[in-house]
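Examining the three-dimensional arrangement
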Amino acid sequence: MNELHRSGISEFIGNIKNLQRSFLGSFLRGGKPTSDKSRAALMFNNFFLHVQGVKTHINTLRPTYTFGLGIISFFLLIIVVISGVMLMVYYNPSIERAYNTIKDINYVVFAGRLLRNVHKWAGEGMIIFVMLHMTRVFFTGSYGKGREFNWIIGIILLILTFGLNLSGYMLPWDQLAYWALVIVANIIQSPKEITDSLGITQYFDIGGFSKELFLGGYTAGQESLTRVYFLHVMFFPIFLFIFLGVHFWRIRKDGGLTRPENLEPVGKDTGYASRPEKTGGIFPTFKTYGLMELARGKTPAVDKDIENTVPSWPNLLLAEFAVFMLTLAVVVVYSFFIDAPLREPANSLIPENPAKAPWYFLGLQELLSYSAFMGGVGLPGVALLGLALIPYLDREEGNVGIWFSNKQGIIEAIKALIVGALVNVGILVFVVNFGWFRNWWPNIPQLLITMVNPGNIWVGFMIGWSLWVMRKGKASTRMGAIAMFTMFLVSFLIFTYMGTYLRGPNWDFFWSKSQWPIH
Ligand code: HEM
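**A closer look at the overall build of the protein**
On a plain count of helices and strands, the protein comes out with 21 helices and 2 strands. Going through the 519 residues of the protein one by one, you find that 33% of them count as buried. The long-range fraction of contacts in the protein, counting pairs at least 24 apart against all pairs at least 6 apart in sequence, stands at 74%.

**Things to note about the nonpolar core**
Counting 87 residues, the largest nonpolar core has L76, A177, A180 and L181 as its most contacted members. Each of domain 2 (59-259 + 311-344) and domain 3 (404-519) gives at least three residues to this core. Filtering out sequence-adjacent residues up to four positions away, A177 remains in contact with Y169, M170, L171, P172 and A346.

**Digging into the site of the ligand**
Lining the immediate environment of the ligand, one finds 27 residues, of which G70, S73, S142, G154 and L257 sit closest. Only helix 6 (69-88), helix 8 (112-139), helix 9 (148-169) and helix 13 (222-253) provide two or more residues apiece to the shell around the ligand. Tallying contributions element by element places helix 9 first for the shell around the ligand, with 7 residues. A class-by-class count of the residues in the shell around the ligand yields 15 nonpolar, 11 polar and 1 charged.

**Quick notes on helix 20 (residues 454-471)**
Across its 18 residues, helix 20 extends 26 Å between first and last C-alpha, which sits within 8% of the 26 Å expected from 1.5 Å per residue. Residues G455, W458, V459, M462, W465, S466 and V469 constitute the buried set of helix 20. Along the axis of helix 20, the buried positions cluster into a sector of 125 degrees, meaning they face one direction only. What points out from helix 20, more than 90 degrees from its buried face, is the exposed set G460, G464, W468 and R471. Looking at the buried side of helix 20, the elements it contacts are helix 15 (362-368), helix 16 (372-393), helix 17 (407-434) and helix 21 (477-502).

**Structural notes on the environment of L49**
By the secondary structure assignment, L49 is in the loop between helix 3 (36-45) and strand 1 (55-57). With residues near it in sequence (within four places) discarded, L49 still touches L42 and M43.

**Section: the environment of M470**
Within the secondary structure layout, M470 lies in helix 20. C-beta crowding within 10 Å serves as the criterion here: with 19 such atoms nearby, M470 is assigned to the partly exposed category. Put simply, M470 and G480 are 10 residues apart on the chain and 5.1 Å apart in space, counted from C-alpha to C-alpha.

**Details of the confidence of the model for the protein**
Across the protein, the average pLDDT comes to 90, with 90% of residues at 70 or higher. Confidence drops under a pLDDT of 50 for residues 267-273, and excluding neighbours within four residues, the segment shows 13 contacts in the predicted structure.

So, how was this worked out
Residues numbered from 1 in each chain as written. Predicted model: local features only at pLDDT ≥ 70, side-chain atom pairs only at ≥ 80, totals over all residues. Helix = DSSP H or I, 4+ residues; strand = E, 2+ residues; numbered from the N terminus. Buried ≥ 20, exposed ≤ 12 C-beta atoms within 10 Å, placed from the backbone. Contact = placed C-beta atoms within 7 Å. Core = buried A, V, L, I, M, F, W, Y, C linked by C-beta atoms within 7 Å. Domains from an automatic or database assignment. Near = placed C-beta within 6 Å. Nonpolar A, V, L, I, M, F, W, Y, C, P; charged D, E, K, R; others polar. Expected span 1.5 Å × (residues − 1). Arc of directions from axis to C-beta. pLDDT = per-residue confidence, 0-100.

Below you can see the structure in the form of structure tokens.
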């Protein structure tokens, strides 16, 4: 009995000593992997890891191929969700209390200000990194070869990312939030510009109806905040995760990321292939080869990894872990020093002048100042449709997986960059100095301004330039797409800069904020 008792105790102590190893073993199923087979099994059997392939192509691990931009966007989303759930403990979506709860988070809650900053900057970081990721995917031609649909999913993710940020911007219910809500409501109402011009608003007021649906009434108030809160904490996050699931699943089904077609095969000499497994039996030996897979190549690839792949464990996972730590560190350090803005409480009687949308919408607000409908609905619609159609209008499969496709691609991108910047700035200089139709002919019909305004002229120029690129010399739809996308990026930057730094009260042009009139 005593003997039994003692052995039970010693076993218990042994279990405590082994706790770390046995827990890790249960998590990893079969302990730390030592062979390629067990590494593969580990990736396969783990719920979180099986989203990724057992093997990863070495091109995927090249930092200068993806720059980790997609995975950084994903990690930022995870940071946003975790910090957001913590903020929900304190935040209260009522127009009487919202502002004060944000103040409490800033000044009363322990580390609340840091938490709020992390949430805010990780969210805005997503906008930057998702745009950069899209740029990487575009310039490496990774929207083709069966990946067309994933590109479309990407566009949906882009829209959801903007929506998630914009809806969050309105929650503090300060002056910034309130007047941004009013601007967005007016953008939603902008089809009225067309129905008014056609004189059919009293029968078909789609603009007015959409605005009312968004605000939950005729003016911004409690119903609006409730709706925006629902969009921010339920609608956008849920759909982001659903579409991200599809995005990642498609990457697996498409055979991983794109890569250049004719990469030289690499084998053991790269240091990636691992030591063969020990066989069982009375005289164990190391297997030197086995008929495991059918591999492309001219000679039997004994001891060589299949077509330039390496085990995802640990190669891919370590890289991802490093990127995650770096992302988290940068967000936390930035948030430590830079505070998320909070103005005075919302006041519907004192309009902000200028009333500005958040920075990522200021390009649109500039277009909006030419024509509400074209800036709010028409041109963003054309831009999104154009982006979504790229893979279907350019179906060239050569040079996929190579930045800018070839030398000509680099030249077309540089040309589009220079010409696009010059024409875009030229249009803005003209508008600032000479105004537009309404300044010259005050009674001109609005429909004419809707159809012919600086925004439309710019988009017309981009389309014309891209068609010209496709026509001349070595005609190529890919080159046309490169020209178009480059100009889109250039104008996004220029319009955003214009709206952010050069527009002041009454949306007038100023070289700097110090020149704004004091009122
Ligand atoms: C929340 C937003 C997004 C997240 C978290 C995300 C995440 C990712 C990740 C992790 C990858 C694999 C590795 C990498 O390229 O870094 C990837 C690949 C891809 N993404 Fe995204 N993505 C997002 C938005 C977009 C957008 C806006 C587009 C394009 C419009 C897009 C199109 C693609 C395509 C086509 C691939 C496959 C690329 C290839 O085969 O080389 N994604 N995405």
